[in-house]
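# Fold and geometry: a report
Chain by chain, the residues run as shown.
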Amino acid sequence: MNSNAAYLKDAKRIIIKIGSVLLVDQETGRLHRSWLEGLATDIERCRARGQEVIIVSSGAIALGRRYLNFKQGDLRLEEKQAAAAAGMVRLTHAYQECFETHNLSVAQILLTQDDSENRRRYLNARSTLMTLLDVGAVPLINENDSVATEEIRFGDNDRLAARVAAMVSADVLVLLSDIDGLYDTDPATNTDAKLIPEISEITPAIEKMAGTAASGDSSGGMVTKLAAAKQCLGAGCRMVITKGEQLNPLQALENGANCTWFLPRGNPQSARKQWIAGTLQPTGTITIDDGAVKALKDGRSLLPAGVANISGDFQRGDAVAIETSDGHEIGRGLSAYSSADAKLIMGHKTGDILALLGYRGRDEMIHRDDLVMN
Ligand code: GLU
């Protein structure tokens, strides 16, 4: 029994990454429906406990390649993209059908690497995800394989899932895999191989244990799982690798199934604040009035009404410094508006944004989740 089993139960926001081999029969290309049913039962239980769940699922290419009668073996990039286009419809449909019988609403989001790196698109993706979680839906995410070119592809869903975990400050990322964790040597060739139950740093020795990547329809393997773990450790998110093959894999994990936990020192909130305050270079300054200073100190968001001046040239999603009227920096945050738009709405009520800009943007100039006080 893994003594960290309670981490899953205690998490508020969970990302579950599902590999192709769990969902799709590698021979026939058929979906494992009873497995998906079991997963739905697991997720229904998490939701009933008040936990928020996001799924990152592979399987589009595996489902689509058989549907379009592509040959066995490696496909060209364009063929994979076409297979993903056909398979994604079927994948989402299957989730929707299974989940609806468990009172879970599913909402599909297809992302590329670019969506998480470009600050403006990052903010958009993040707020859509947050809105879906707020209304109790289960976001179903996959890479937008059909349009992603080599340069903007993740190429594997392990790292995509880790990026999503960091994006939404998730507490736990579960990688449901065909192996139950990281072993000190290859368990396929070495009967003495030992499972490592807990890791808090990815050292070169750990990296060596990962070996090489997998084959078939999934792009993962232990190498991409460790890359995901590195991202999670940096984002303050706990990550676990466990075998997902049995029915109700989350229940099994809670019951102490074999697994490897990656345990960061900080938590998601502190990591995100550290990123905003310490890593990003502010590209402008927002000067706020005394009322707004008080609101921010009370932990509230910055509204356009409290903004007295804007300087610098920044885009939506860029980091900005926040100053009092006497030029004292009191914090930093990610601006929901570009400097040009911020100038037009500063000093105005949120309700006036539509008339001033011609579109209804965010209510806040800087949302409190995107704000760090000194
Ligand atoms: N996005 C791919 C798919 O849905 C899978 C990538 C991966 O297996 O990591 O088929």
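Here, the structure is the one placed above.
Quick summary incoming for the structure in this document.

The rules behind each value
Residues numbered from 1 in each chain as written. Predicted model: local features only at pLDDT ≥ 70, side-chain atom pairs only at ≥ 80, totals over all residues. Heavy atoms only, no water. Axes fitted to C-alpha atoms, helices over the stretch in contact; angles between N-to-C directions. Helix = DSSP H or I, 4+ residues; strand = E, 2+ residues; numbered from the N terminus. Parallel < 35°, antiparallel > 145°, perpendicular 65-115°, else oblique. Contact = heavy atoms within 4.5 Å. Nonpolar A, V, L, I, M, F, W, Y, C, P; charged D, E, K, R; others polar. Near = heavy atom within 4 Å. Polar contact = N/O pair within 3.5 Å; in protein donor to acceptor, adjacent residues only side chain to side chain. Areas by Shrake-Rupley, 256 points an atom, 1.4 Å probe, with all protein chains shown as cover. Salt bridge = Lys/Arg side-chain N within 4 Å of Asp/Glu carboxyl O. Buried < 20%, exposed > 50% of the residue type's maximum accessible area, 1.4 Å probe, protein only. Phe/Tyr/Trp six-rings, centres within 6.5 Å; stacked < 30°, edge-to-face > 60°. Arc of directions from axis to C-beta. Core = buried A, V, L, I, M, F, W, Y, C linked by side-chain atoms within 4.5 Å. Pairing = 2+ DSSP bridges.

The next thing to look at is the packing of helix H7 (residues 119–134) against helix H8 (residues 157–167). For any two helices packed against each other, the geometry comes down to the angle between their axes and how far apart the axes lie. At a minimum axis separation of 10 Å, H7 and H8 run at an interaxial angle of 80°. With respect to each other, H7 and H8 are oriented roughly perpendicular. Contacts between H7 and H8 pair Tyr122, Ala125, Arg126 and Leu129 from the former with Val164, Ala166 and Met167 from the latter. Of the residues contributing to the contact of H7 with H8, the split by class is six nonpolar, no polar and one charged.

Around the ligand lies a shell of ten residues, among which Ala60, Ile61, Asn142, Asp145 and Asn157 are the nearest. For the ligand, an oxygen atom lies 2.7 Å from a polar atom in the side chain of asparagine 142. Across the complex, the protein chains shield 98% of the 300 Å² of accessible surface that the ligand would expose by itself. Here the residues of the shell around the ligand sort into two nonpolar, six polar and two charged.

Time to look at the pattern of salt bridges. Within this structure, the stated rule accounts for 21 salt bridges. Here glutamate 254 ties to arginine 45 by a salt bridge, and the two come within 3.6 Å at their closest N and O atoms. With glutamate 254 in helix H11 (residues 249–254) and arginine 45 in helix H3 (residues 33–48), the pair connects residues that are 209 residues apart, well separated along the chain. In this structure, the salt-bridge partner of glutamate 207 is lysine 230, at a minimum N-O distance of 2.8 Å. Of the two residues, glutamate 207 sits in helix H9 (residues 204–209) while lysine 230 sits in helix H10 (residues 222–235), which places them 23 residues apart along the sequence. On the accessibility criterion, glutamate 207 (37% relative accessible area) is partly exposed. Because the salt bridges share partners, they merge into one network encompassing Asp42, Arg45, Arg49 and Glu254.

Turning our eyes to something else, we now look at the packing of aromatic side chains. According to the stated counting rule, one finds three aromatic pairs in the structure shown. Each ring, one from tyrosine 7 and one from tryptophan 261, has its centre 5.2 Å from the other, and the planes form 80°; the classification is edge-to-face. In this pair, tyrosine 7 sits in helix H1 (residues 6–10) while tryptophan 261 sits in strand E8 (residues 259–262), placing the two residues 254 residues apart along the sequence. Classification of tryptophan 261 by relative accessible area gives buried; the value is 0%.

Turning to helix H13 (residues 290–297), its buried residues are Ala292, Val293, Ala295 and Leu296. Down the axis of H13, the buried set is contained in an arc of 165°. They therefore lie on one face. Exposed positions of H13 whose direction lies more than 90 degrees from the buried face are Asp290, Lys294 and Lys297. Close packing links the buried residues of H13 with strand E9 (284–288), strand E11 (319–323), strand E12 (329–334) and strand E13 (371–373). Positioned one or two residues after H13, glycine 299 has a phi angle of 90°, which is positive.

Judged by nonpolar contacts, the single largest core of 47 residues is most densely connected at Ile15, Ile141, Leu173, Met239 and Phe262. Going through the elements one at a time, strand E2 (52–57), strand E3 (106–111), H7, H8, strand E5 (172–177), H10 and strand E7 (238–243) are the ones with two or more residues in this core. A total of seven residues in this core trace back to one element, the largest contributor, which is H7. Not counting residues up to four positions away in its chain, the partners in contact with methionine 239 are Leu173, Leu175, Lys225, Ala228, Ala229, Cys232, Thr260, Trp261 and Phe262.

Here we take up the sheet that holds E11. Spatially, five strands are ordered E10-E9-E11-E12-E13 in an open sheet, and the strand pairing comes out mixed. Taken across any chain shown, the strands that pair with only one partner, and hence form the sheet edges, are strand E10 (307–312) and E13. When the angles between neighbouring strand axes are averaged without regard to direction, this sheet yields 25°. Sheet topology places E9 next to E10; five bridges connect them, and they run antiparallel. For isoleucine 288, the partnering residue across the bridge sits in E10 and is valine 307. With respect to the sheet, helix H12 (residues 268–279) is in contact with E12 and E13, its orientation differing from that of E12 by roughly 110°. Packed on one face of the sheet, H13 meets E9, E11, E12 and E13 and runs near 105° to E9.

It is worth spelling out the sheet that holds E2 at this point. Taken in spatial order, the eight strands line up as E3-E4-E2-E1-E5-E7-E8-E6 in an open sheet, and their pairing is mixed. Every interior strand has two partners, whereas the edge strands, E3 and strand E6 (198–199), have only one. In the packing of H7 onto the sheet, the strands contacted are strand E1 (13–18), E2, E3 and strand E4 (138–143), and the crossing angle to E3 comes to about 170°.

Burial of the side chains of E3 is restricted to one face: Ala107, Ile109 and Leu111 are buried, whereas none of Val106, Gln108 and Leu110 on the reverse face is. As paired strands, E3 and E4 are joined by six bridges and run parallel to one another. Note on E4: the bridge partner recorded for alanine 107 is proline 139.

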